[in-house]
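Listed below, chain by chain, are the residues.
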Amino acid sequence: MIKLVGVSKIHQAGEIQTTALDRIDLEIEAGEYVAITGPSGCGKSTMLGILGLLDVPSHGEYWFEGQNVAGWSESKLNQLRRGRIGFIFQSFNLIEELTVFENVELALEYNGTPARERRERVTAMLAKLGVGHRASHRPSQLSGGQQQRVAIARALVAGPAVLLADEPTGNLDTAHGDEVMRLLREINAEGTTVVMVTHSPDHAAQASRTLNLLDGRIMVDVLQAA
Ligand SMILES: Nc1ncnc2c1ncn2[C@@H]1O[C@H](COP(=O)(O)OP(=O)(O)OP(=O)(O)O)[C@@H](O)[C@H]1O
Ligand SMILES: [Mg+2]
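Residues numbered from 1 in each chain as written. Chains lettered and ligands numbered in written order. Predicted model: local features only at pLDDT ≥ 70, side-chain atom pairs only at ≥ 80, totals over all residues. Heavy atoms only, no water.

(A) Focus on helix H2 (residues 74–84). All buried positions along H2 are accounted for by Leu77, Asn78, Leu80 and Arg81. End-on view of H2: buried residues confined to an arc of 165°, all on one side of the axis. Every exposed residue of H2 that faces more than 90 degrees away from the buried side is listed here: Ser75 and Gln79. As for H2, its buried residues are in contact with strand S4 (59–64) and strand S6 (85–89). (Buried < 20%, exposed > 50% of the residue type's maximum accessible area, 1.4 Å probe, protein only. Helix = DSSP H or I, 4+ residues; strand = E, 2+ residues; numbered from the N terminus. Arc of directions from axis to C-beta. Contact = heavy atoms within 4.5 Å.)

Have a look at this one:
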């Protein structure tokens, strides 16, 4: 479902060029659960940003569900992303001016889902993630673990094929982190492809495959027993 061919990403900051990804070849099948690990600065977030169509490669091809999306316009990429890809981040990235309900609903407003169906889907998704009783709260009134569950609800409500997670437990204590990991396994078991960046060897071990990056290259690519 995902295929990178010779993908490089060169970040330009003033005079300084950084090769964040260096000729990456990678295939991810539908239904996989992939963990990406490696030291700070090795290109993990850059890789996730490209997989999630938030960023474009400097060189190479990116095939998403059989289409080469290299060279697509931003609006076309946005459209594809909103329908097919969900994102969660270390810092949750919820909008404080909106309620929990509205934060999740926003993910359905872009694609023209009618209001009544939006209400039903948001209500069901918040209930599934155990935060239904917090629907009218603001994000800051929730615990970190609850905020991340709201962010997961937002990422999943549109029914994406792929969930991308960048250090989703990085701001959580162990108990809440384990809870998020349990949810990711469940989401994957229900058929969603999951790609997660993590610094935790324990969390990486829960995925079915681990990629280890170093200096923008894939050094290790191993399958794990379930
Ligand atoms: N927007 C940017 N402009 C310039 N350089 C960037 C930009 N984003 C990332 N980089 C550089 O690209 C390299 C890879 O960064 P990236 O954020 O992908 O690393 P990472 O593996 O996610 O690190 P961390 O574990 O610290 O989150 C780093 O050297 C970083 O400084
Ligand atoms: Mg990062």
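Resuming the write-up.
(B) The site of ligand 1, seen in detail. Taken together, 13 residues lie near ligand 1, and Ser40, Gly41, Lys44, Ser45 and Thr46 sit nearest. In the model, a nitrogen atom of ligand 1 is placed 3.4 Å from a nitrogen or oxygen of the His11 side chain. Here an oxygen atom of ligand 1 sits 3.2 Å away from a polar atom, N or O, in the main chain of Cys42. Breaking the shell around ligand 1 down by element, the ones donating at least two residues are strand S2 (16–28) and helix H1 (44–51). At 3 residues, H1 tops the list of elements feeding residues into the shell around ligand 1. (Near = heavy atom within 4 Å. Polar contact = N/O pair within 3.5 Å; in protein donor to acceptor, adjacent residues only side chain to side chain.)

So, to be careful, I would describe these as geometric facts and stop short of saying anything about function.
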